[in-house]
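Summary of the model geometry
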Amino acid sequence: MLERVKTKLTQKIKALLRMDKNMTYSERMGRVEDVILELGLLKCAQTVIGNPERGVKGISGGERKRLAFASEVSSFINLQLNLFHQQIIRCVIFRF
């Protein structure tokens, strides 16, 4: 992840590069919005990622983990974040 790029922009770039090319731009951005909302990244969407090792302040460690997970999840085409998936995601994220 780039330390001076904002969280939402990171997700948009990854969506444009990794998602199915048959999806429209609006579908891709919709997927990004859904994943950001579902993983609780809305409050840090306009925050730079940062790098604590270099002294660049940014998102918290938990937000960083959720962002990394979101980067992978958002590229799945058929993913439906229903209640069951939300519970699994929360279990995986908050156990670390």
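What counts as what
Residues numbered from 1 in each chain as written. Predicted model: local features only at pLDDT ≥ 70, side-chain atom pairs only at ≥ 80, totals over all residues. Heavy atoms only, no water. Helix = DSSP H or I, 4+ residues; strand = E, 2+ residues; numbered from the N terminus. Expected span 1.5 Å × (residues − 1). Buried < 20%, exposed > 50% of the residue type's maximum accessible area, 1.4 Å probe, protein only. Arc of directions from axis to C-beta. Contact = heavy atoms within 4.5 Å. Salt bridge = Lys/Arg side-chain N within 4 Å of Asp/Glu carboxyl O. Axes fitted to C-alpha atoms, helices over the stretch in contact; angles between N-to-C directions. Parallel < 35°, antiparallel > 145°, perpendicular 65-115°, else oblique. Left-handed = near helix turned anticlockwise from the far one by under 90°. Core = buried A, V, L, I, M, F, W, Y, C linked by side-chain atoms within 4.5 Å.

This next bit is on helix α1 (residues 7-18). With 12 residues, α1 ought to run about 16 Å at 1.5 Å a step, and its terminal C-alpha atoms sit 16 Å apart, in line with that. Burial in α1 covers these residues: Thr7, Lys8, Thr10, Gln11 and Ala15. On an axial view of α1, the arc spanned by its buried residues comes to 155°, and they lie on one face. On its buried face, α1 is in contact with α2 (25-38) and α3 (61-73).

Across all of its chains, the model carries four salt bridges by this definition. For Arg18, the salt bridge identified is with Glu72, shortest N-O distance 3.2 Å. One end of the pair, Arg18, is in helix α1; the other, Glu72, is in helix α3, and 54 residues separate them in sequence. Overall, Arg18 belongs to the partly exposed group, its relative accessible area being 40%. Here Glu63 ties to Lys43 by a salt bridge, and the two come within 3.9 Å at their closest N and O atoms. Here the residue Glu63 occupies a position in helix α3, and Lys43 occupies one in the loop between α2 and α3, the gap between them amounting to 20 residues.

With that settled, the discussion passes to the packing of α1 against α3. Across the interface, α1 lies against α3 with an axial gap of 9 Å and an inter-helix angle of 25°. By the angle class used here, α1 and α3 are roughly parallel. The crossing of α1 and α3 is right-handed. On α3, the residues touching Thr7, Gln11, Lys14 and Arg18 of α1 are Leu67, Ala70, Ser71 and Glu72.

One finds Ala15, Val35, Leu39, Leu41, Ile59, Leu67 and Ala70 to be the most contacted residues of the largest nonpolar core, which totals 15 residues. Among the secondary structure elements, those contributing two or more residues to this core are α2 and α3. Take this core: its biggest share by element is four residues, from α2.

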